[in-house]
Amino acid sequence: MSVKKHFSFVVNGENHTVESYPANRLLDVLREDLRLTGCKEGCGEGECGSCSVFLDDVMVNSCLVPIAQVQGREIRTVEALSSDPLGKILQEKFLEHNGAQCGICTPGMLVAAITLLRRNSEPTLGEIQDGLAGNLCRCTGYKKIFDAVADAAKVARDQGVLEGQKA
Ligand code: FES
Ligand code: FES
């Protein structure tokens, strides 16, 4: 029978230690233990992307990550994106283009868009569609989201924000 253990990790630059069953999901630890409710549960099966966060700077579906795998590692959630220049531009452009309606998909879309723009600062529409293909939205019809990402990429290029971003 599984027993609770302590797990320590960094979230948005702060050290945290939680007591949890090893198989508990990162998504639940973030939302319930740490009250970081930005990441959302859509499908709970790794299909919708609404729970996306950065784990050691790589996008993951937090509904699929057991907390035991997070020991000693670094997580960044959507709550930290307003202090990230690229994240801030994306948030502004999602608002401007009405790319967020119910908002369930939005945190994951932002994480996926950052991941895309770090490796491709001037994506075509097709590349934006591919980059966000793992993130499902039931509300917007996607066009507004793609427009927001394309516009954010242009502003980020103009402001030099994408220079030196990690791939
Ligand atoms: Fe994690 Fe859908 S809730 S991918
Ligand atoms: Fe509602 Fe995307 S805005 S699911």
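Quick look at the structure, then. Note on numbering: residues in each chain are counted from 1, in written sequence order. Chain letters start at A and ligand numbers start at 1, both assigned in the order the entries are written. With the structure being a predicted model, the display of local features is reserved for residues of pLDDT at least 70 and the display and counting of side-chain atom pairs for 80 or more, all residues being used for whole-chain, interface and lining totals. Excluding hydrogens and water, the side-chain values take into account all heavy atoms of the structure.

1. A short note on the packing of aromatic side chains
Short version of the rule: Only rings of Phe, Tyr and Trp enter the pairing, Trp through its six-membered ring, and a pair is recorded when the two centres are within 6.5 Å. The plane angle decides the type: under 30 degrees is stacked, over 60 is edge-to-face, the rest tilted. A simple rule labels every residue: compare its accessible area, found with a 1.4 Å probe on the protein chains alone, to the largest value its type can have, and call it buried under 20%, exposed over 50%, or partly exposed in between.
Evaluated as defined, the whole model comprises one aromatic pair. Seen in terms of ring centroids, Y142 and F146 are 5.9 Å apart; in terms of plane orientation they differ by 20 degrees. Their pairing is stacked. Under the relative-accessibility criterion, Y142 is labelled partly exposed at 26%. Take F146: its relative accessible area is 12%, and that puts it in the buried class.

2. With respect to the packing of helix α3 (residues 106-119) against helix α5 (residues 143-158)
To keep it simple, the criterion reads: Fitted lines through C-alpha atoms serve as axes, helices being fitted only where they are in contact, and the angles separating the N-to-C directions of these axes extend from 0 to 180 degrees. Each helix is a run of DSSP H or I of at least 4 residues and each strand a run of E of at least 2, with the numbering of both proceeding from the N terminus. When an angle is under 35 degrees it counts as roughly parallel; over 145 it counts as roughly antiparallel; between 65 and 115 it counts as roughly perpendicular; any other value is oblique. Crossing chirality is assigned from the near helix's rotation relative to the far helix, an anticlockwise turn below a right angle marking it left-handed and a clockwise turn marking it right-handed. Every residue pair with non-hydrogen atoms within 4.5 Å of one another is taken to be in contact. Polar here means any residue other than Ala, Val, Leu, Ile, Met, Phe, Trp, Tyr, Cys and Pro, which are nonpolar, and Asp, Glu, Lys and Arg, which are charged; Gly is therefore polar.
Across the interface, α3 lies against α5 with an axial gap of 11 Å and an inter-helix angle of 40 degrees. The pairing of α3 with α5 is recorded here as oblique in orientation. For the pair α3 and α5, the crossing hand works out as right-handed. Between α3 and α5, the residues in contact are M109, A113, L116 and L117 and I145, V149 and A153, respectively. When the residues that make up the contact of α3 with α5 are grouped by side-chain class, the tally is seven nonpolar, no polar and no charged.

3. Some points on the pattern of salt bridges
Counted only if it meets this: Any carboxyl oxygen of Asp or Glu within 4 Å of a side-chain nitrogen of Lys or Arg constitutes a salt bridge here.
Taken as a whole and assessed by the stated rule, the structure comprises eleven salt bridges. The salt bridge partner of D28 is R25, with a shortest N-O separation of 2.7 Å. Under the relative-accessibility criterion, D28 is labelled partly exposed at 22%. Notably, a salt bridge pairs E41 with R25, separated by 2.8 Å at the nearest N-O pair. With E41 in the loop between α1 (26-33) and β3 (52-55) and R25 in the loop between β2 (14-20) and α1, the pair connects residues that are 16 residues apart, well separated along the chain. Owing to a relative accessible area of 39%, E41 belongs among the partly exposed residues under this scheme. Through salt bridges that share partners, D57, R76, D84 and R118 make up one connected network.

4. Focus: the pairing of strand β1 (residues 5-11)
Which entries qualify depends on this criterion: DSSP bridges decide pairing: two strands pair if at least two such bridges lie between them.
Here β1 runs beside β2; their pairing, made up of seven bridges, is antiparallel. Paired with K5 across the two strands is S20, which belongs to β2. Linking β1 back to β2 in an antiparallel pair, the connection comprises two residues, with N12 at a positive phi of about 50 degrees. Pairing of β1 with strand β5 (residues 74-76), which is carried by two bridges, proceeds in the parallel orientation. Its bridge partner being in β5, V11 is matched across the sheet by I75.

5. A short note on the side chain of T140
Basically, it comes down to this: In protein, a polar contact requires one atom able to donate a hydrogen and another able to accept it; more generally it is a pair of N or O atoms within 3.5 Å, and residues adjacent in sequence count only if both atoms are side-chain atoms.
Structurally, the position occupied by T140 is in the loop between α4 (125-131) and α5. Among the residues examined, T140 registers a relative accessible area of 11% and is labelled buried. A polar contact of 2.9 Å, which involves the side chain of T140, links it to the backbone nitrogen of Y142. Once you skip the residues sitting within four places of it in the chain, T140 turns out to touch N98, G99, Q101 and I145.

6. Considering the nonpolar core
Quick reminder of the rule: Put simply, a nonpolar core is a bunch of buried Ala, Val, Leu, Ile, Met, Phe, Trp, Tyr and Cys residues held in one set by side-chain atoms that sit within 4.5 Å of each other.
Counting 29 residues, the largest nonpolar core has L86, L90, F94, L117, L132, I145 and V149 as its most contacted members. Those elements giving two or more residues to this core turn out to be α2 (85-96), α3 and α5. If you look at the next biggest cluster of nonpolar residues, it comprises 20 residues, including F7, L26, V65 and I67.

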